[in-house]
Amino acid sequence: MNKLNESKFKLDIDYISSVYTGDIIYIPLAMFNSLNNYPENSFMEAISKKKLDIDRANVLSFNDKSELIEGYQTFVKPIRYMVGVVAFISFVIGLIIIYIITTMIIEENKASISLLKILGYSKKKISALILNSNIFIVIIGYCLSIPLINQLMDLFFKAAFPSMAIPTKLEFKNNVIGFLIIIFTYEVSKYLSQKKVIEISMADSLKNRAE
């Protein structure tokens, strides 16, 4: 419906594009003028890099690109803060989970670690053998989580902003940044767990055999 003259008409949709600027229908200018009974070569909008000298009485509305950008930045600012808080919480939770799993692995391999010390392996070598065993699981888990994260973000934004179309697909650089954060979290967990490996004595192997 044309809001200026309230005329209604039907259109056949040829193609739907994934854009996030709003619900907009693009048709040839000649068709638009014909449907609305406007003179040939009429137009509804003028776009210019410079301010146009036009009588305001002949203009229904005008938009300044800088104001649109500023409004968009104001809108996404709280979302960025929210994403930052979620990322920090995820980092802490990931660190705790990886640390707990690593601790469990150390406890399960306590006798093997003690035996390696008896055989003369250095603390650095033992730590590498035990703590590096899960790196492939971490990488595979992260790769599998990417499509799940996209789905969860899509559901969240649809629920939070039902009247708006917000892109939720993670870009390649975001995936790389997330991967680096996961690896950093894993390395921090390894560093915290090395003390547990060092504290295991050679006598633990003999105790387990005695039991």
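Residues numbered from 1 in each chain as written. Predicted model: local features only at pLDDT ≥ 70, side-chain atom pairs only at ≥ 80, totals over all residues. Heavy atoms only, no water.

1. Overview of helix α5 (residues 135-160)
Phase 1: The terminal C-alpha atoms of α5, which comprises 26 residues, lie 36 Å apart, in line with the 38 Å expected from a rise of 1.5 Å per residue.
Phase 2: Three or more residues of α5 are buried, namely I135, V138, Y142, I146, N150 and F157. (Helix = DSSP H or I, 4+ residues; strand = E, 2+ residues; numbered from the N terminus. Expected span 1.5 Å × (residues − 1). Buried < 20%, exposed > 50% of the residue type's maximum accessible area, 1.4 Å probe, protein only.)

2. Examining the pattern of salt bridges
Phase 1: By the definition in use, this model includes 1 salt bridge.
Phase 2: Residues E187 and K190 are paired through a salt bridge, measuring 3.5 Å at the closest nitrogen-oxygen approach. With E187 and K190 both in helix α6 (residues 172-199), this residue pair falls 3 residues apart, about one helical turn.
Phase 3: On the basis of relative accessibility, which here comes to 38%, the residue E187 falls in the partly exposed class. (Salt bridge = Lys/Arg side-chain N within 4 Å of Asp/Glu carboxyl O.)

3. So, the side chain of T185
Phase 1: Within the secondary structure, T185 sits in helix α6.
Phase 2: If near-sequence neighbours (up to four positions away) are discounted, T185 is found in contact with F91, G94, L95 and I98. (Contact = heavy atoms within 4.5 Å.)

4. Some thoughts on a nonpolar patch on the surface
Phase 1: Residues V85, F88, I89, V92, I93, I96, I97, I100, I101 and M104 make up a contiguous nonpolar surface patch of roughly 900 Å² in combined accessible area.
Phase 2: Structurally, the position occupied by I89 is in helix α2 (residues 65-108).
Phase 3: By relative accessible area, I89 is classed as partly exposed at 44%. (Patch = residues over 30% accessible without salt bridge, like charges linked within 9 Å, V, L, I, M, F, W, Y side chains within 5 Å. Areas by Shrake-Rupley, 256 points an atom, 1.4 Å probe, with all protein chains shown as cover.)

5. Details of the packing of aromatic side chains
Phase 1: Taken as a whole and assessed by the stated rule, the structure comprises 2 aromatic pairs.
Phase 2: Arranged with centres 5.9 Å apart and planes meeting at 55 degrees, the rings of Y142 and F179 form a pair that is tilted. Remark: F179 occurs in helix α6 and Y142 occurs in helix α5; sequence separation between them is 37 residues. (Phe/Tyr/Trp six-rings, centres within 6.5 Å; stacked < 30°, edge-to-face > 60°.)

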